[in-house]
Amino acid sequence: MVQHAFAYLSQQRFLGAAVCAGEAPSARFGVAGVAWDGAVTNRPGARFGPNAIRQASQMLCDATHPLFDLSPTAEVCDYGDLYLPNTSLETMRAALEAQARTLLARQHMVWLGGDHSITLSLLRALRAVHGQPLAVLHFDAHCDTWTDHFGEPSGHGTWVYEAVQEGLVAPQGVVQVGIRSAAERAAREYVNAIGGRVITARELRGLESPSQLAPVTADIRARLAAAQAPVYVTLDIDCLDPAFAPGTGTPEPGGLRSAQVLSLLEELCAMQLPFVGMDCVEVSPPYDHAELTANIAAVCVWTYLCARLSADAIVSN
């Protein structure tokens, strides 16, 4: 597929990182964009998310994290946006899975979405590479456990259900954070019913600092550890209240604050758990204001990278 076919593909690099080169890049982390929004149910625009997140990341300057006191820039390279079909969901998913397998065999990958339908392909690839089901830490306003997608078999609101049915995830290792959208009981309680944990936005009201969130992080850590599985983080930016992230396809009032999400990422992703990657999805720049959404998305990805490097430093010392 020729590069000029899609004018919206990103030309920048996350944190100004080097381009990933060769089959064995020296950097520990790889970043790739998945510029796809063909499965949204409301407002499109997430195909422009990778570009916006990368641009926002430039303002992190030397990227030294104030909590972890380190910068990930020397340990990150960027593959740019993947070349994918942009009309058929199933064709896109197959192409994404094949490319993801190749990259996952090389590096610890972080993916910039794109709508949330891309996560199913990424989990399929991770399941194949690691040879076992994954534990999943899922930040979202929506449960994404519907059995159909407005009459279609699959979309950005069905991937959790599909991942469970396909055996891609360890059911007891699925933890959802920030859920609050309208949904029938069977959908919103699905993860609880299979042995996972749904932490609603309502449960988190008034809890923001690491000390306030300590019981929550302890619960999540215990569940992820008990799954005895590689841990994957998927962060739908609409887990945040629209006041903090207006640029998304399906905004839901009553969501998490930026400080809450960052506290959870800082506390959980620096733990000695077998994290194997992350995606940040559903950033829709056409609906953003003053780049609020792109900025918090970039900071969330940066925080994940710094937390994992901090965890490595603790082990090596």
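The name given to the chain in an unreviewed UniProt entry is Agmatinase, with the source organism recorded as Thiomonas bhubaneswarensis. The UniProt entry for the chain carries the following text under Sequence similarities (unreviewed entry): "Belongs to the arginase family. Agmatinase subfamily."

Asker: I'd like to hear about the packing of aromatic side chains, residue by residue, with values.
Answerer: Applying the stated rule across the entire model yields three aromatic pairs. Relative to Phe48, the ring of Tyr8 lies with its centre 5.8 Å away and its plane at 80°, an arrangement referred to as edge-to-face. Of this pair, Tyr8 sits in the segment before strand S1 (18–19) while Phe48 sits in the loop between strand S2 (29–34) and helix H1 (49–57); the two residues are 40 residues apart in sequence, bridging distant segments of the chain. The exposure class of Tyr8 is buried, given its relative accessible area of 15%.

Asker: Hey, could you go over the pattern of salt bridges for me, with residue numbers and the actual values?
Answerer: One side chain can pair with another of opposite charge once the charged atoms of both are near each other. Scanning the model with the defined rule gives 11 salt bridges in all. One salt bridge in this structure joins Arg54 and Asp81, with 2.6 Å as the shortest N-O distance. Residue Arg54 is found in helix H1, and its partner Asp81 is found in strand S3 (residues 76–81); the two are separated by 27 residues along the sequence. Per residue, the accessibility class of Arg54 equals that of Asp81, and both read buried. Across the salt bridge formed by Glu90 and Arg93, the nearest N and O atoms sit 3.7 Å from each other. Placement of both Glu90 and Arg93 in helix H2 (residues 89–104) is noted, with a separation of three residues, approximately one turn of the helix. Three or more residues joined by partner-sharing salt bridges are found here, namely Arg197, Glu203, Asp219 and Arg223.

Asker: Account for the environment of Gln107, naming residues and giving values.
Answerer: Following the sequence through the fold, Gln107 ends up in the loop between H2 and strand S4 (108–113). Residue classification places Gln107 among the buried positions, given a relative accessible area of 6%. As for Gln107 and Ser310, which are separated by 203 residues in sequence, their C-alpha atoms are 17 Å apart. Each residue touching Gln107, except ones within four places of it in the same chain, is listed here: Cys20, Pro25, Ala27, Arg28, Phe29, Gly30, Cys77 and Tyr79.

Asker: Describe the state of the cysteines, listing the residues and the values that go with them.
Answerer: Enumeration according to the criterion identifies one disulfide in this entry. Residue Cys20 pairs covalently with Cys77 via a disulfide, S to S 2.1 Å. Taking the torsion about the sulfur-sulfur bond, which here is approximately 95°, the covalent link between Cys20 and Cys77 counts as right-handed. Residue Cys20 is found in the loop between S1 and S2, and its partner Cys77 is found in strand S3; the two are separated by 57 residues along the sequence. Judged by relative accessible area, which is 4%, Cys77 ranks as buried. Free cysteine Cys239: the closest other cysteine sulfur is in Cys300, separated by 6.9 Å. Since its relative accessible area comes to 0%, Cys239 is described here as buried. Not engaged in a disulfide, the cysteine Cys300 finds its nearest cysteine sulfur in Cys280; these two sulfurs lie 6.0 Å apart.

Asker: I'd like a rundown of H1, residues and numbers included.
Answerer: Counting buried residues in H1 gives seven out of nine residues, a clear majority hidden from the surface. Residues of H1 that are buried: Gly49, Pro50, Ala52, Ile53, Arg54, Ala56 and Ser57.

Asker: How would you summarise the environment of Tyr8 if you had to cite specific residues and measurements?
Answerer: Between the alpha carbons of Tyr8 and Arg47 there is a distance of 7.6 Å; along the sequence they are 39 residues apart. Apart from residues lying up to four places away in sequence, Tyr8 is in contact with Ala35, Arg47, Phe48, Asp81 and Asn86.

Asker: If you had to explain the packing of helix H7 (residues 210–226) against helix H8 (residues 258–269) to someone new, which residues and values would you point to?
Answerer: Describing two packed helices takes the angle between their axes plus the distance from one axis to the other. At a minimum axis distance of 10 Å, the contact between H7 and H8 shows a crossing angle of 55°. Considering their axes alone, H7 and H8 lie oblique with respect to each other. As for the relative orientation of H7 and H8, their crossing is right-handed in sense. Taken together, the residues of H8 that come into contact with H7 (itself represented by Pro210, Leu213, Val216, Thr217, Ile220 and Arg221) are Gln260, Ser263, Leu264, Glu267 and Leu268.

Rules behind the numbers
- Residues numbered from 1 in each chain as written.
- Predicted model: local features only at pLDDT ≥ 70, side-chain atom pairs only at ≥ 80, totals over all residues.
- Heavy atoms only, no water.
- UniProt positions renumbered as here; feature names shortened; annotations may be inferred.
- Phe/Tyr/Trp six-rings, centres within 6.5 Å; stacked < 30°, edge-to-face > 60°.
- Helix = DSSP H or I, 4+ residues; strand = E, 2+ residues; numbered from the N terminus.
- Buried < 20%, exposed > 50% of the residue type's maximum accessible area, 1.4 Å probe, protein only.
- Salt bridge = Lys/Arg side-chain N within 4 Å of Asp/Glu carboxyl O.
- Contact = heavy atoms within 4.5 Å.
- Disulfide = S-S within 2.5 Å.
- Axes fitted to C-alpha atoms, helices over the stretch in contact; angles between N-to-C directions.
- Parallel < 35°, antiparallel > 145°, perpendicular 65-115°, else oblique.
- Left-handed = near helix turned anticlockwise from the far one by under 90°.

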